[in-house]
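Close look at the chain arrangement
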Amino acid sequence: MAIFGTKKEREYKEVIKGKAWVFPDNVDTDAISPGQYLDNLKATLDHTCETIIKEFPSQVSVGDIIVAGRNFGCGSSRETAPNILQEKGVAAIVAESFARIFYRSSFARALPVLEVENISKEFTTGDEIEINIPNAEITNLRTGKKLEGEKIHPILLNLLKNGGLENQLLSELKSQGKK
Amino acid sequence: MSGKTIAEKILAAHSLSKKEISPGDIINAKIDLIMSHIGTAKVALDFRKIKPSKMRKVFDPDKIVVLLDHYSPAPSEKWAAAHDIIRKFVKNHSINSFYDIREGVCHQVLPEKGHVRPGMLVVGGDSHTTTYGAFNAASCGIGNTDLFYAYVKGELWFRVPSTIKFNITSNLQHRVMSKDIIIKMAGDYTAEIATYKSIEFSGKTMEDLSIDSRMTMSNFALELGAKFAFGVPDQKVANWIKNRTSEPFELVKPDPDANYDKTYELDVSDLEPQVSCPHTVDNVKPITEVSGTKINQAFLGSCTNGRFEDLEVAAEILAKNEIHNDVRMIVTPASREIWLEAAKTGVAETLINAGAIITNPNCGACFGAHGGLLGPGEICISSANRNFKGRMGSEAAKIYLGSPATVAVSAIKGELTDPRDF
């Protein structure tokens, strides 16, 4: 199937902590979700982002957080990109900027993404990172450095709290259907 | 109060929230048209999650267009099964604007069949949905979950974008095409100059461009990050649309005192043919700096440059020439209509005589599905829109992006070549 879909419950937490993976500028959707594996979840899990960080697919663990440069998720509209990162257990992405479709698809899937200027220079892969999502506060727990990002719009924050657009739609239809 | 840009006018007209809107606002807006291709299979599966089952309804089957252009004809059993799910889904939901594998690439077929008109708000399950900006529609790509939501509700949230303007003037040199302008813009201003922004193209050069060439600009604008990418709203585009649909429409023009984030002035009189070098679209060099680079494959096709004008220029160049023995040239017309036109006019014959391979109209090799992938170490010059590592097969292959003229001339020479001498 073209698009994998995720089984995992996405529980919203205001404050999350995890290990940082530092990515460069312009990480594209073909690197995250290669075109030749779009019909193969297992292969995508095994190869996601390997052209950028070779050990990422084998070493990323649940709760890890991606810290990236500019234009993260540029390229295709394929939602398998945020999807596969969620499947890998990535808890949030903090980047200097996001490509538009990746940004909105992340909220649709309740994957927290935050824009923070100059963030990628403040982290090294392996650092502990703490994020306060509603306050858009990022802390590097190794260096103690605190940064503030752009606050998430209340409508989009609600999407994260509701477990994404699909959950929101399915519960709305369920209650309408009872009437 | 200042005037409004095209994006502000169209979003305000579709807003289900407040009617007075400004850049940065988030609104819910009513959608005029949804386009989806292979992602429709995921929508079909998502529909099965809706309970109770009587709620499994699309908001308006007449406002949805579905096409099979990716993986067409199906290159594997899995994709054949996905196509089958889609065919059943459109039947079940009475989606009559369904174009099966024969018709071609979404961004070509929708305008050809008269689905896109000025002033519309269009979303598509494909990033290059910005193409319809050439027809004065506010049009952008979305992911699959948004697509599912839009299918059911007929509305979505939109952040009102600010707008940047590119005012383009002067005449292009011989064999320099609109693709060269937009690649040059990616190089000069980066692949994120327009992220979360709307683009308005204006100026004499834009007015002079054919509709085919304008579509290339609005299409590739996505690679600059654009949310919308409007061409010039003039009589030329209005006439084109009138030939395709009898539905009424009005051009949406920006107010003279509209607010722009920034206006960029471009004089293209000295513009050389440009190429995006591996592995990002904004790694741009003039052709003269990379000429001589050996190539294994030349790809002419895609929603960016698989139109009749593109095939025609290639045929002109290839008419008295043969494709280099070490090069395979693959031509993928963007639609059945274009293929047919190429057949009738002799363009197809010229291309085949020169040694090109013409495939059925589909998205094929452009996104690495099938129909001309690259092996390790191979180099391709492509008229498509992305040169990311691994995009067309091997991660160890290299893709250069250029205009149809650059693709054709390079195919003859077996190396990247300046088309201005042909």
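Residues numbered from 1 in each chain as written. Chains lettered and ligands numbered in written order. Predicted model: local features only at pLDDT ≥ 70, side-chain atom pairs only at ≥ 80, totals over all residues. Heavy atoms only, no water.

Turning our attention to the overall build of chain A. Across its full length, chain A holds seven helices and seven strands. Ordered by position in the sequence, the α and β elements of chain A form the string β-α-α-α-β-α-β-α-β-β-β-β-α-α. Relative to a compact globule of 179 residues, whose C-alpha radius of gyration would be 16 Å, chain A shows 16 Å and is just as compact. Taken along the three principal axes of its C-alpha coordinates, chain A extends 55 × 40 × 25 Å. When the accessible surface of chain A is summed, it comes to about 7,200 Å², and 46% of that surface belongs to carbon and sulfur atoms. Considering chain A, the positive charge centre built from 23 side chains and the negative charge centre built from 25 side chains are found 4 Å apart. (Helix = DSSP H or I, 4+ residues; strand = E, 2+ residues; numbered from the N terminus. Rg over C-alpha atoms; globule rule 2.2 N^0.38 Å. Areas by Shrake-Rupley, 256 points an atom, 1.4 Å probe, with all protein chains shown as cover. Lys, Arg positive; Asp, Glu negative; His and termini not counted. Charge placed at Lys NZ, Arg CZ, Asp CG, Glu CD.)

Contact residues are listed per partner, giving 52 residues for chain B and 46 residues for chain A. Buried area between chain B and chain A, both sides added, is near 4,300 Å², and the carbon and sulfur share of it is 58%. Counting the surface chain B buries against chain A, the share from its top three residues, Thr145, Trp157 and Glu192 of chain B, is 14%. Seen at the junction of chain B and chain A, the total is five salt bridges. (Contact = heavy atoms within 4.5 Å. Buried area = accessible area lost by both parts, 1.4 Å probe. Salt bridge = Lys/Arg side-chain N within 4 Å of Asp/Glu carboxyl O.)

With seven of nine residues buried, helix H1 (residues 6-14) of chain B lies mostly within the body of the structure. Buried within H1 of chain B we find Ile6, Ala7, Glu8, Ile10, Leu11, Ala12 and His14 of chain B. (Buried < 20%, exposed > 50% of the residue type's maximum accessible area, 1.4 Å probe, protein only.)

Residues and elements named next belong to chain B. One can read the domain layout of chain B as domain 1 (6-265) and domain 2 (274-421). Its C-alpha centre places domain 1 at a distance of 25 Å from the equivalent point of domain 2. Tallying the contact residues gives 40 residues for domain 1 and 40 residues for domain 2. Carbon and sulfur atoms supply 54% of the area buried between domain 1 and domain 2, which totals about 3,400 Å² over both sides. Scanning the region where domain 1 abuts domain 2 turns up four salt bridges. A salt bridge links Glu223 to Arg386, with the nearest nitrogen and oxygen atoms 3.1 Å apart. Summed over the shared surface of domain 1 and domain 2, the number is 25 residue pairs in polar contact (both at pLDDT 80 or more). At the level of elements, helix H4 (106-112), helix H6 (178-189) and helix H8 (211-220) are the ones that each hand at least two residues to the side of domain 1 that touches domain 2. Of the residues assigned to the side of domain 1 that touches domain 2, the class counts are 14 nonpolar, 15 polar and 11 charged. (Domains from an automatic or database assignment. Polar contact = N/O pair within 3.5 Å; in protein donor to acceptor, adjacent residues only side chain to side chain. Nonpolar A, V, L, I, M, F, W, Y, C, P; charged D, E, K, R; others polar.)

On to unusual backbone geometry. In this structure, Pro73 of chain B follows Ser72 of chain B across a cis peptide bond, with omega equal to -10°. Residue placement: Pro73 of chain B occurs in the loop between strand S3 (64-67) and helix H3 (77-92). Residues Pro278 of chain B and His279 of chain B are joined by a peptide bond in cis, for which omega reads 0°. Tracing the backbone shows His279 of chain B in the loop between strand S12 (274-276) and strand S13 (284-286). One non-glycine residue, Cys49 of chain A, lies in positive phi territory at about 65°. Structurally, Cys49 of chain A is set in the loop between helix H2 (41-47) and helix H3 (56-59). The exposure class assigned to Cys49 of chain A is buried, which follows from its relative accessible area of 0%.

The subject of this paragraph is helix H4 (residues 80-87) of chain A. Each turn of an α-helix holds 3.6 residues, which means side chains three or four residues apart point in the same direction. Residues and elements named next belong to chain A. Where burial is concerned, most of H4 is hidden: eight out of the eight residues are buried. Restricting attention to buried positions, one finds in H4 the residues Thr80, Ala81, Pro82, Asn83, Ile84, Leu85, Gln86 and Glu87. Buried residues in H4 make contact with helix H1 (29-32), H2, H3, strand S2 (65-68), strand S3 (92-95) and helix H5 (100-108).

What follows concerns the pattern of salt bridges. Under the counting rule described, the total for this entry stands at 30 salt bridges over all chains. Salt-bridge contacts for Glu79 of chain A lead to Arg109 of chain A; the nearest nitrogen and oxygen are separated by 2.8 Å. Note that Glu79 of chain A is positioned in the loop between S2 and H4 and Arg109 of chain A in the loop between H5 and strand S4 (113-115), a separation of 30 residues in sequence. Here Asp188 of chain B and Lys184 of chain B are joined by a salt bridge, their closest N and O atoms 3.4 Å apart. Note that Asp188 of chain B and Lys184 of chain B are positioned in helix H6 at a spacing of four residues, about one turn of the helix. Under the relative-accessibility criterion, Asp188 of chain B is labelled partly exposed at 46%. In this structure Lys184 of chain B comes out as partly exposed when scored by relative accessible area, which is 28%. When salt bridges with common partners are traced through the structure, they connect Glu166 of chain A together with Lys42, Asp46 and Lys49 of chain B into a single cluster.

Take the packing of aromatic side chains next. Across all of its chains, the model carries 21 aromatic pairs over all chains by this definition. Look at Tyr103 of chain A and Tyr196 of chain B: their rings are 5.7 Å apart centre to centre, the planes differ by 85°, and that puts the pair in the edge-to-face class. Of this pair, Tyr103 of chain A sits in helix H5 while Tyr196 of chain B sits in the loop between H6 and strand S9 (197-202), placing the two residues on different chains. Judged by its relative accessible area of 7%, Tyr103 of chain A falls in the buried class. An aromatic cluster of three or more residues is present, and its members are Trp21, Phe23, Phe56, Phe72, Phe98, Phe102, Tyr103 and Phe107 of chain A together with Tyr196 of chain B. Its end group placed over the ring of Trp157 of chain B, Arg104 of chain A keeps NZ or CZ at 4.1 Å from the ring centre. The ring of Tyr196 of chain B is capped by Arg159 of chain B, whose NZ or CZ atom sits 4.4 Å from the centre of that ring. (Phe/Tyr/Trp six-rings, centres within 6.5 Å; stacked < 30°, edge-to-face > 60°. Lys NZ or Arg CZ within 6 Å of the ring centre and 35° of its normal.)

Residues Phe72 and Leu85 of chain A together with Tyr151 of chain B are the most contacted members of the largest nonpolar core, which totals 126 residues. Both domains that furnish three or more residues to this core are identified here as domain 1 (6-265) and domain 2 (274-421) of chain B. If sequence neighbours within four positions are ignored, Phe72 of chain A has contacts with Phe23, Val27, Ile32, Ile66, Leu85, Ile93, Ala95, Ser97, Phe98, Ala99 and Phe102 of chain A. Residues Ala221, Leu224, Val232 and Ala384 of chain B belong to the second largest nonpolar core, which totals 40 residues. (Core = buried A, V, L, I, M, F, W, Y, C linked by side-chain atoms within 4.5 Å.)

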